[in-house]
Every structure is written in C-alpha cells, then in structure tokens.
Amino acid sequence: MDRTRRIGLACLAISLLASTASCGGSTAPRPADAAPAGRSAVAIASDPSGASGFPDGAAFEPGAPPPAAPAPFDASPSADFERPAAAQGAGRGEGAARRSPRREIAPEPIERPGLGTEWGETRVSRISTAPFVRADFERPFAVASLFYNDAEGARAMASASGFRRTSPQAFTSAGGAVAVGLRAEGGGFLSGFVAGETRHVVGEAGQRYSIVLRNLTPTRIECVVSVDGLDVMDGQPAAFGKRGYLIEPHDELEIDGFRQSMDTVAAFRFGSVRGSYANQKHGDARNVGVIGVALFHERGTTPWTLDELQRRREADPFPGQFATPPGG
C-alpha cells in the first residue's frame, strides 16, 4: 500500500531501508524490518534562509534512547536515629530506652491502564529541507486529533458515549483537508470507531505503527505532528510554532517514528503508559493516547478555511434541471 511520496520542492528518490538498533526504555532489540522499496525522501519545512526550524541544541539525539525517569524523592529517614536527650519527655532517666521513629514506606505507583507510545528501534527514514512560508505562522487553519488505545480501553471509552464502529481506514479530518490513519507493520490500517466528534484507533502492546497523512487539498500544506503531546521532530512538548513535514497536493506522507537525525527515526511502538517515551523522557504522561496534526497553508495560496471546506462538502451535484448560458 506504500506509494512514492514526493514531498517538498526537490523530490529526492531515496529508498527507505529499515535498520536494527537497541531500543530505549524497556523495549528489547528487534529483528531488522525491511522497509518497502520505492519510497522517496520527505521534506520538512524551513525558513527561506535555509534554517531547518529545529530548536538550537535540542533537535536531535542520534541513536540515544530516552533517559530513565528519575527515582522519586524519598523523604523518609534512611536509618533509625535517636532523639536528643533535651527533647525527651520529663521523668525519663538517663538509661531509659530510646525509641526510633516509625519509618514510612512509599506506596508503589499505580500502573495506568491502556496504551502509550514507546521509543522503538532505530529505522532509516531520510528527509530534506524545503522553504515554506506560512500564511499565518502561529495559527493553523485546521487541527485534527486521533486517539488510540487497546481493545479493553477502547470498549471503556466507547461505553461513555454513542459510537459507530469503523473498518480499517484513514479518518477524514480537519473539515476534509486531510485523512489521518495509523498503519500497522503489515501495511493495513488499524480499525477503530467514532464516538461523538472524536476518532479512535485500536492497537496492541508491542505493535509498531506509522502515522499516515493524505493531503486532500489542491495546495501544498505543512503538517506539525505530535504523539502523546510530544513533537515528532524533536521529542519536546508540541507547539504550533514548530516546523513540520510538507505534503504536496493530493499526496501522502508516512511518519515512521520520533526523528533522531536527518536520516533516522525511533520507531513508534505501542507499549505501557509507564514505558511511554513521554513518561520516560519527561516524566509526564498527561497527554498519552492522542496524536495531533496542525495544518498550515502556504503564503500566496488561496487559504483553505474550514468554512470553504464545509461549503465544498455540502455542494449539491444536481441543483437544477437544464443548462442555461452565463448571465442568462
């Protein structure tokens, strides 16, 4: 199902080959995965000056797994100690027995149910830079969200509101501007359901996935993408002001993992919330379970607002009976 992606101004036909490396966190080394042939390098947006837009000194950590979360601070005493004589109660003799304070044992942290995205094995995924000037740098014209969980978590979320089950597919989002889906290792999309205004995908622990974006508009757009609240480019908290991937009109982009360098990514792998990259790297699992996409159109192009996209979706294919000349 993979297709050639021509992203950016310069289309560099570089095949993506999978490579094997030790995984960070608790993930064990995995066998080499052969990436499908015929996939070209993708482009990331940059300023006209050629700057890539990555934060200074914080963009890439080539091959480095996320550091383990620091151990919680233990305020309990490390050893029994004696109270000073002056602090002892009146009437106590010098040879009276002294008591040690009761030591508190910190409770074990509660394991949160459901899936998170772990830092997976290193995979080859080459990118280049291309100039792209946003029409509005800080404000995307549309934002889409895609939630994920395991089967048990999905059932719990579905029971909270009305839903309809879906077949394996990419979900049309952002008023029809893009289609967003999660693709499994075998090449097919993961199935899910729609509950209210939210879209959900069902996965399994240990499963590798990629994020697939299809540009359904006739203009080039920039996509800033986050996983569990972290930008997929630098692994830091996501924000609209960061630069993203470029998608040509009516083209498709596949994002394989958190970017480690211009040539490699750490694969997206479903795992536990505690073992998620967000928790292991930042000690923060508040936003685990959601994938975000912010869309920006290019300066000088006709803006594809949500209103315009909605008008096109509601266009009537048979509004009249017969054709009449213009102005008639």
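Quick notes on the rules
Residues numbered from 1 in each chain as written. Predicted model: local features only at pLDDT ≥ 70, side-chain atom pairs only at ≥ 80, totals over all residues. Heavy atoms only, no water. Helix = DSSP H or I, 4+ residues; strand = E, 2+ residues; numbered from the N terminus. Contact = heavy atoms within 4.5 Å. Areas by Shrake-Rupley, 256 points an atom, 1.4 Å probe, with all protein chains shown as cover. Core = buried A, V, L, I, M, F, W, Y, C linked by side-chain atoms within 4.5 Å. Buried < 20%, exposed > 50% of the residue type's maximum accessible area, 1.4 Å probe, protein only. Phe/Tyr/Trp six-rings, centres within 6.5 Å; stacked < 30°, edge-to-face > 60°. Lys NZ or Arg CZ within 6 Å of the ring centre and 35° of its normal. Pairing = 2+ DSSP bridges. pLDDT = per-residue confidence, 0-100. Polar contact = N/O pair within 3.5 Å; in protein donor to acceptor, adjacent residues only side chain to side chain.

**Brief notes about the overall build of the chain**
So, point 1. Within the chain, the regular secondary structure consists of three helices and 17 strands.
So, point 2. Across the chain, contacts joining residues at least 24 apart in sequence account for 79% of those joining residues at least 6 apart.
So, point 3. On the chain, roughly 17,400 Å² of surface is accessible, and the fraction owed to carbon and sulfur atoms is 53%.

**Description of the nonpolar core**
So, point 1. Formed by 46 residues in total, the largest nonpolar core has its most connected members in Leu182, Ile211, Leu213, Tyr245, Ile255 and Leu295.
So, point 2. Other than its neighbours up to four places away in sequence, Leu213 contacts Ala179, Val180, Cys223, Val225, Ile247, Asp251, Glu252, Leu253, Ile255 and Val293.
So, point 3. Counting five residues, the second-largest nonpolar core is a separate cluster that includes Ala43, Ala45, Phe132 and Leu246.

**Describing the packing of aromatic side chains**
So, point 1. A full pass over the atoms with the stated rule returns seven aromatic pairs.
So, point 2. Ring centres of Tyr148 and Tyr209 lie 6.4 Å apart, and the angle between their planes is 45 degrees; this geometry places the pair in the tilted category. Placement of the pair is Tyr148 in strand E4 (residues 142-149) and Tyr209 in strand E10 (residues 208-215), with a sequence separation of 61 residues. Just as Tyr148 is buried, Tyr209 falls in that class too.
So, point 3. Both rings, one in Tyr209 and one in Phe270, keep their centres 4.4 Å apart while their planes meet at 20 degrees; by these two values the pair is stacked. Highlighted residues: Tyr209 in strand E10 and Phe270 in strand E16 (residues 264-272), separated in sequence by 61 residues. We note that Tyr209, like Phe270, is buried.
So, point 4. Aromatic rings pair up to connect Trp119, Tyr148, Tyr209, Phe258, Phe268, Phe270 and Tyr277 into one cluster.
So, point 5. The ring of Phe137 has Arg134 lying over it, and the distance from NZ or CZ to the ring centre is 4.6 Å.

**Examining unusual backbone geometry**
So, point 1. One non-glycine residue with positive phi stands out, namely Asp228, at about 55 degrees.
So, point 2. For Asp228, the location among the structural elements is in the loop between strand E11 (221-227) and strand E12 (230-231).
So, point 3. On the basis of relative accessibility, which here comes to 3%, the residue Asp228 falls in the buried class.
So, point 4. With a phi angle near 55 degrees, His250 is a residue other than glycine that sits in the positive phi range.
So, point 5. Secondary-structure assignment places His250 in the loop between strand E13 (245-247) and strand E14 (252-255).

**So, the environment of Gly176**
So, point 1. Relative to the helices and strands, Gly176 resides in the loop between strand E6 (171-173) and strand E7 (178-184).
So, point 2. In this structure the C-alpha to C-alpha distance between Gly176 and Gln310, which are 134 residues apart in sequence, comes to 7.7 Å.
So, point 3. If we ignore the near neighbours within four places in the chain, the residues touching Gly176 are Leu216 and Arg313.

**Some points on the pairing of strand E2 (residues 115-124)**
So, point 1. Burial within E2 is extensive, with 10 of its 10 residues counted as buried.
So, point 2. Bridging between E2 and E16 involves eight bridges; their strand directions are antiparallel. Considered in E16, the bridge of Glu118 is made with Arg269.

**Quick word on the confidence of the model for the chain**
So, point 1. When pLDDT is averaged along the chain, the result is 73; 63% of the residues meet or exceed 70.
So, point 2. Taken together, the stretch residues 1-40 has pLDDT below 50 and engages in 106 contacts with residues farther than four places along the chain or on a different chain.
So, point 3. Long-range and interchain partners of residues 68-100, a stretch whose pLDDT sits below 50, account for 17 contacts in this model, where long-range means more than four residues apart.

**As for the environment of Ser272**
So, point 1. Mapping Ser272 onto the fold places it in strand E16.
So, point 2. The spacing of Ser272 and Gly116 is 156 residues in sequence and 5.2 Å in space, taken between C-alpha atoms.
So, point 3. Non-local contacts of Ser272, meaning those with residues more than four positions away in its chain, are made with Glu111, Gly114, Gly116 and Glu118.

**Quick word on the side chain of Arg269**
So, point 1. By the element assignment, Arg269 lies in strand E16.
So, point 2. In this structure the side chain of Arg269 is engaged in a polar contact, spanning 3.4 Å, whose partner is the side chain of Glu185.

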